[in-house]
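The lines below spell out each chain.
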Amino acid sequence: MRLRRSDGYPEFASARAGHLYRSACLLTGGDTHLAEDLVQETLGRVYLRWGRISRVDNPAGYAQTVLTRTFLAHQRRHSSRRERTTDVLPDVPDPETSGDTPLRLTLVEALGRLSAKDRAVVVLRYWEDRSIEETAAAMNTSSAAVRTRCVRALARLRALLGDALSEYARP
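Residues numbered from 1 in each chain as written. Predicted model: local features only at pLDDT ≥ 70, side-chain atom pairs only at ≥ 80, totals over all residues. Heavy atoms only, no water.

**Some points on the nonpolar core**
Soluble globular proteins tend to pack their nonpolar side chains together in the buried interior. Rules: Among buried residues, those of type Ala, Val, Leu, Ile, Met, Phe, Trp, Tyr and Cys that are joined through side-chain atoms within 4.5 Å constitute a nonpolar core. Only protein chains enter the accessibility calculation, which uses a 1.4 Å probe; a residue is then buried when its area is under 20% of its type maximum, exposed when over 50%, and partly exposed in between. Going along the chain from the N terminus, every DSSP run of H or I of four or more residues is numbered as a helix, and every run of E of two or more is numbered as a strand.
Counting residues in hydrophobic clusters, the biggest one holds 40 residues, and the most contacted among them are Y9, F12 and V46. Mapped by element, the contributors of at least two residues to this core are α1 (9-27), α2 (32-48), α3 (50-53), α4 (59-78), α5 (101-112), α6 (116-127), α7 (132-139) and α8 (143-161). In terms of residue count, α1 provides more of this core than any other element does, eight residues in total.

Put into structure tokens, the structure is as follows:
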């Protein structure tokens, strides 16, 4: 019996949308509007191929790969005419009541300063906890390129963050 395209898709989409959105926010450096657009495009692409995707071992991993490739394609298309960010953040909540929000904002700001491919490597390897081989497949590159990019991206993050994280360390 042939599966209809919508068999199980609504459940899959509602279960994965939140995780995809969080990953997209990290990939975009905190641009929530672009993150929403990327998730919508990802879910649309997954829906178009749902009959085939629903039969693979890891549809969630497939969707994450689609998200990463959609992000990288967007960055290539829009790199020259992209809006420029500023150093001023609007309405930052009170650190006393916001828990780890300042830490999160610091990390997202640092991620936003990385190149698109460096950001993708960091998110896939350390947020998604993917192996080097899985990251290479998602980014359509070699394992050696992923290793090199990881080392350089982490060094860049360390340089960007400097002592900024020490103020959040718990005694």
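Still more to cover.
**Overview of α6**
Given 3.6 residues to a turn, an α-helix orients residues that are three or four positions apart in the same direction. The condition is simple: Helix span is expected to be 1.5 Å times the residue number reduced by one.
An ideal rise of 1.5 Å per residue puts 16 Å on 12 residues; α6 measures up with 15 Å between its terminal C-alpha atoms. Judged by how many residues are buried, α6 sits mostly within the fold: nine of 12 residues are covered. Of all the positions in α6, only A116, D118, R119, A120, V121, V122, V123, L124 and R125 are classed as buried. Immediately beyond the C-terminal end of α6, within one or two residues, lies D129, with a positive phi of roughly 55 degrees.

**Description of the side chain of R130**
Cut-off, in case you're wondering: Counted charges follow a simple rule, with Lys and Arg positive, Asp and Glu negative, and His plus the chain ends left uncounted. The term salt bridge refers to a side-chain nitrogen of Lys or Arg lying within 4 Å of a carboxyl oxygen of Asp or Glu. Two N or O atoms form a polar contact when they lie within 3.5 Å of each other; inside protein one atom must be a possible hydrogen donor and the other a possible acceptor, and for residues adjacent in sequence the pair counts only when both atoms belong to side chains. Any two residues whose heavy atoms approach within 4.5 Å at even a single point are treated as in contact.
Assignment of secondary structure puts R130 in the loop between α6 and α7. The side chain of R130 is buried and forms no salt bridge, while E128, the nearest opposite charge, is found at 4.7 Å. Within the local environment of R130, its side chain forms a polar contact with the backbone oxygen of G61, the two atoms lying 3.0 Å apart. Residue contacts for R130: discarding those within four places in its chain leaves G61, Q64, T65, L124, R125, T135 and A138.

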